[in-house]
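Fold and geometry: a report
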Amino acid sequence: SFKKKKDLASSTLGGKVIECNDEFFAEAFNLLKPQEPIREWGRYTERGAWMDGWETKRHSPSYDWVVIKLGFEGYLTGFDINTAHFVGNHAPLADVEACYSPHKDPIYGDDTNWHKVLTKVNLGPSSQHFFGIQKTSVKFTHVKLNIYPDGGVARFRVYGVVSAKWPIDPSTPIDLAYVGNEGRVIFHSDQHFGKSDNLLLPGRGKDMSDGWETKRSRQPNHKDWVIIKLGAPGYLEKAEIDTAFFKGNYPDSVLLEGCFCDKDLSLENIESNQWVTLLERNKLGPHKQHYFELKEKNKKFSHVKMTIFPDGGVKRLRIIGRRELPKNATDNVAQSATRTSLTRITATPLTYASYSPYGHIIQSFPEHSSASQNCISVSHSIKVTPANQGTARKYNNIAPVINFRQSDFQSQSSNSDNSTSNKTHIIAKAEPNLSLFKCSPAKSLPFILRLMEKHPYSSQMFVPLNNGKVKGYLVVVCLSNDEGDRPDLSTLNAFVVSSTQGISYHPGIWHHPIIALEETTDFVCLTHESGVADEDCEEFEFEEKDCVLIDVPGFNC
């Protein structure tokens, strides 16, 4: 059934509203919520009854529309247009278009080639409407829901099959369990509080609700389990088991096993497969990313089984492996050398696509079409609302402000030589710190990268105070290695940022301190700090042989 496929538009997969022409009564982002819609009788906003969905104003002259970017590109198999709780104000007709635009988001009125994937259908009040279609022969990145002439829709599900973007080199290490790489949960023992599918989602989530959590066990020697079919069979090397936000309900311990099966597993034949231990039973701690080396690196596996003892919650599971082994030991050495010999790079202009793995861009947005000051709309994936008695347009939530230390909590770490030996310490509550940095310019170019830092529990934002003399500044970022203890130079990037742009870093992103160019530059900074130096900021200094030269075109010292 197409309903068993992934909802490619779900916000949990990264689906987001790019643009809509109207959301006067209720906001379009509600369409993509994973939760079922609710109704709160008697609740009103200044514009009317509060509705958990997307609702446009009355008397549209033609139709209303919303453009949605799918979390992952893929092949479409069906739709659910849900008008729950919209009675007397539901949209009576709808159709769906789709396009493939992997490099830029389509803008209303441009030359994007839209394909009709669902012809106009009737919608009834407060009902789910399922429409299956033949699996599309081409993949899509965006969909456009049109409603005629206006009204409300509570939820919009876009079912389909994820199309992974595999590295050209099949021996490249990659998370084979990740939903974006076609990994999927096929069986579980229990998902009372949180769905097992959540284990494979992007990011670390927002709270316990988007992890996998089982009910409390009352029987001795209880265990819960989940089985994942990998996006592609592979040789497995490492695992990350993240208990983020599970502080009093994390599992005591975990076991990982694998098998290779070239046919579909069923509940009847699960135990008949020869499961091989990949990770012996290991202790887990609260609100923490746990990194493990796996056994049997030279065997190929198609499925992984995670067993937790006795029960509890896990936020994410990452299984790092290769679809094929390097041809020989020389290839291994060559790959390692490639990763560590990145001695010179060139800084490039900042773009949304290139910077998205590391954080967000903070900037002003040109209006692409004439927009009334009183119009509620969505532009560049950001909700725009009227403000200041109609004299301004407000772009909301342009970057998330993240603080994982909203209260004190215990962190537990285990000795790698003795998994039963744990150390517990308190992670202190953090408070917001709005500060100003006065940054001296780089003394010489090319810039020599000698160190990086990260803030494991907080985002960090910088916005320049432009005095008209400064053209831009330099931002250098990279992701962590698999163990999470040092920068992964294979992901290193340098960006020239315009003086009209600010940036924010995701928690845990390695970066060099902001680098001013040519002129001393003031920056407003917002982050969360507890005053405990090692928890607020971790630093990593490179050995001389690992330092990186960064060319910065257009700037001199």
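Residues numbered from 1 in each chain as written. Predicted model: local features only at pLDDT ≥ 70, side-chain atom pairs only at ≥ 80, totals over all residues. Heavy atoms only, no water.

Section: unusual backbone geometry
The condition that has to hold: Labels follow the DSSP assignment, with helices taken as runs of H or I lasting at least four residues and strands as runs of E lasting at least two, numbered in each case from the N terminus. Between buried and exposed lies partly exposed: a residue is buried under 20% and exposed over 50% of the maximum accessible area for its type, with that area taken using a 1.4 Å probe on protein chains only.
The amide bond that connects Phe309 to the next residue, Pro310, takes the cis arrangement and shows omega of -15 degrees. A cis amide bond links Leu445 with the next residue in sequence, Pro446, at an omega value of 0 degrees. Positive phi values are uncommon outside glycine, yet Glu296 reaches one of about 55 degrees. With respect to the secondary-structure elements, Glu296 resides in the loop between strand 19 (289-293) and strand 20 (300-309). Classification of Glu296 as partly exposed rests on a relative accessible area of 32%.

Observations concerning the sheet that holds strand 34 (residues 460-465)
The condition that has to hold: Strands are labelled as partners when DSSP assigns at least two bridges between them. Between the N-to-C directions of two axes lies an angle of 0 to 180 degrees, each axis being a line fitted to C-alpha atoms and, for a helix, fitted only over the stretch in contact.
Strand order across the open sheet formed by five strands is 25-37-34-40-31, with antiparallel pairing between neighbours. Two strands in the sheet have a free side with no partner beyond their single neighbour: strand 25 (359-362) and strand 31 (431-439). Ignoring which end each strand starts from, the neighbouring axes of this sheet average 20 degrees apart. Taken together, the four bridges between strand 25 and strand 37 (residues 502-505) define a ladder with antiparallel strand orientation.

Let's talk about the nonpolar core
Stated formally: Remark: nonpolar core denotes a set of buried residues (Ala, Val, Leu, Ile, Met, Phe, Trp, Tyr, Cys) joined through side-chain atoms within 4.5 Å. When checking whether two residues touch, look at their non-hydrogen atoms; a contact exists if any pair is within 4.5 Å.
Ranked by size, the top nonpolar core spans 63 residues in total, and within it Leu76, Phe156, Leu256 and Met306 carry the most contacts. Counting residues per element, this core draws most heavily on strand 6 (residues 64-82), at seven residues. What Phe156 contacts, discounting residues up to four positions off in sequence, is Leu31, Leu32, Ile68, Phe79, Asp80, Ile81, Val96, Val143 and Leu145. Core analysis: the next-biggest nonpolar cluster, separate from the first, contains 23 residues, Phe447, Leu489, Leu492 and Val548 among them.

Some points on the sheet that holds strand 42 (residues 548-551)
The three strands lie next to each other as 23-42-32, forming an open sheet whose pairing is mixed. The open sheet has two edge strands with one neighbour each: strand 23 (344-346) and strand 32 (447-449). Neighbour to neighbour, the strand axes of the sheet diverge by 30 degrees on average, direction disregarded. Where strand 23 meets strand 42, three bridges bridge the pair, whose relative direction is parallel. Residue pairing across strands places Ile345 opposite Ile550, the latter belonging to strand 42.

Keep in mind these values describe shape, not function.
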